[in-house]
Amino acid sequence: MYASTRTALATGIVAALLTLSATTASSAPAPARAPHTERLGTSPTGGQADSYTYGPEFSADGRFAVFTSEAGNLVPGDTNGQADVFVRDLRKGTVERVNVSSVGAQADHTSSAFDISRDGRYVLFTSQARNLVHWDTPPPADEWVDDVYLHDRRTGRTERLSFGIDGRSVDVGGAAMSADARYVAFTARPNRMEADDPNGYRMLYLLDRRTGKVKRVSERTRPEWTSVVHDVSDDGSRIVYNQFQYRGPGSALWAYDIKKGTRQQLNVTPDGTPTTAALDASLTANGRYVAFSSSAPDLAPDDTNGDADVFVRDLKTGKIRRISHNAETAFGTQSPEISPDGRYVAYEATPRNRATGYFGVGNVYLRDLRTGKVRLVSRSVSGGTVEDEAVTLYSVTRGAKEVGLSSGSAQLVPDDTNGVTDGFVRHLR
């Protein structure tokens, strides 16, 4: 082989190796970031929110977080002095206000975030504003009650979803939707929704946005029992909601099958007998598992701690599993959020010293239902539990990669000096 040929060959081999090395390096995944806590409400320059901010709901991939804030410095031009709804892009760090009219006008009254679609396109919120859409029958000037709205972040369009008799306001109490934004569940007053029902206690209604039809879900046999909606499964198969006596001990937690039109009571003993109140329910993405909290001692065997516990019920088999944080050091395990894949359950727990009766500050924890391992979610900057203000749980993403929190604590992130409640995202992976 000629020397020039060998040189050219060697040069080509070196170049190929360098190219392969560069390609491999560029395609290698970025190293995983250590668990950390991010504050939602920050100004465009990174400043702290100048008023209260609350916890988020997430899009399916955890990129977009929707939340409510009373702050006026999160986006330019926020001069309404009202609680508004915002979406934070956790990848870019940008914040946009979404409770605006289709032409971008800011709301003239308070609004609250409730849900965001799987892809982050649609945002569900309630508002007392009267300038977000056209009203055929404007509410009285002195009446400030909520209605349900959906904002399309792609087109900028905002539409009202709750219509009462003659197009009037229906006084909504809460709302939730499926991941594709097809099914929207909300509570409203029957005497505003139905011409032949004088009842003023809120009942649950379901809107199918594909057909435009609205149906009442709450049963009519208990007109004095008001309804609270907790969740709609991502796949649109089930709704979980509560009915309770406004002035009485009665309470029933229901899972409603949207396709079949049937309901199943969840707060029942192993033999099917209804028991005491159950609250704060959430569903997995496929609607099979539901997590809720209850102080009832007879939902599961061997419940002798005398405290509230979290339960996970399999709606297919009927089996129930009790989750108690620590019977010796925790006063109540409550307010659960189950991850969409059903592997993890986050919850709030408050420590106490049974000997002295001392109650500590409530923190948020995460249990892996497969391994049984528990980890602290609301980790302070010093590495332990938060000790100055209780932490409230809002939401959990698939695989528990992100957990949504809210707290007035100054210990969750460095340099928290605004002295108000903030919304946070705890990135666990």
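Residues numbered from 1 in each chain as written. Predicted model: local features only at pLDDT ≥ 70, side-chain atom pairs only at ≥ 80, totals over all residues. Heavy atoms only, no water.

Undergrad: Help me understand the overall build of the protein chain in this model?
TA: The helix and strand inventory of the protein chain stands at 2 helices and 29 strands. Taking the principal axes of its C-alpha atoms as reference, the protein chain extends roughly 100 × 60 × 45 Å. Here the protein chain, with 429 residues, has 53% of them falling under the buried criterion. Long-range pairs, those at least 24 residues apart, make up 47% of the contacts in the protein chain with a sequence separation of at least 6. When the accessible area of the protein chain is evaluated, it comes to approximately 19700 Å², of which 51% is carbon and sulfur surface. Taken together, the 50 basic and 52 acidic charged side chains of the protein chain have centroids lying 8 Å from each other. (Helix = DSSP H or I, 4+ residues; strand = E, 2+ residues; numbered from the N terminus. Buried < 20%, exposed > 50% of the residue type's maximum accessible area, 1.4 Å probe, protein only. Contact = heavy atoms within 4.5 Å. Areas by Shrake-Rupley, 256 points an atom, 1.4 Å probe, with all protein chains shown as cover. Lys, Arg positive; Asp, Glu negative; His and termini not counted. Charge placed at Lys NZ, Arg CZ, Asp CG, Glu CD.)

Undergrad: What am I meant to see in unusual backbone geometry here?
TA: Outside of glycine, negative phi angles account for most residues, and trans bonds account for most peptide bonds. Phi is positive for Asp-171, which is not a glycine, with a value near 60 degrees. If you trace the backbone, Asp-171 turns up in the loop between β9 (158–160) and β10 (174–177). Residue classification places Asp-171 among the buried positions, given a relative accessible area of 10%. Backbone geometry at Ala-400 places phi at a positive 55 degrees, although glycine is not the residue there. By secondary structure assignment, the location of Ala-400 is in the loop between β27 (391–396) and β28 (402–407).

Undergrad: Explanation requested: the nonpolar core in the structure shown.
TA: Generally speaking, soluble globular proteins have nonpolar side chains that are buried together. In this structure, Leu-124, Val-148, Leu-161, Met-177, Val-184 and Phe-186 are the most contacted members of the largest nonpolar core, which totals 17 residues. Of all elements in the fold, only β7 (122–127), β8 (147–152), β10, β11 (183–188) and β12 (203–208) reach the threshold of two or more residues within this core. With residues near it in sequence (within four places) discarded, Leu-124 still touches Ala-113, Phe-114, Asp-115, Val-148, Tyr-149, Leu-150, Leu-161, Ala-175, Ala-176, Met-177 and Val-184. Formed by 16 residues, the second largest nonpolar core is a distinct cluster that contains Leu-393, Ala-400, Val-403 and Phe-424. (Core = buried A, V, L, I, M, F, W, Y, C linked by side-chain atoms within 4.5 Å.)

Just distances and angles here, no functional claims.
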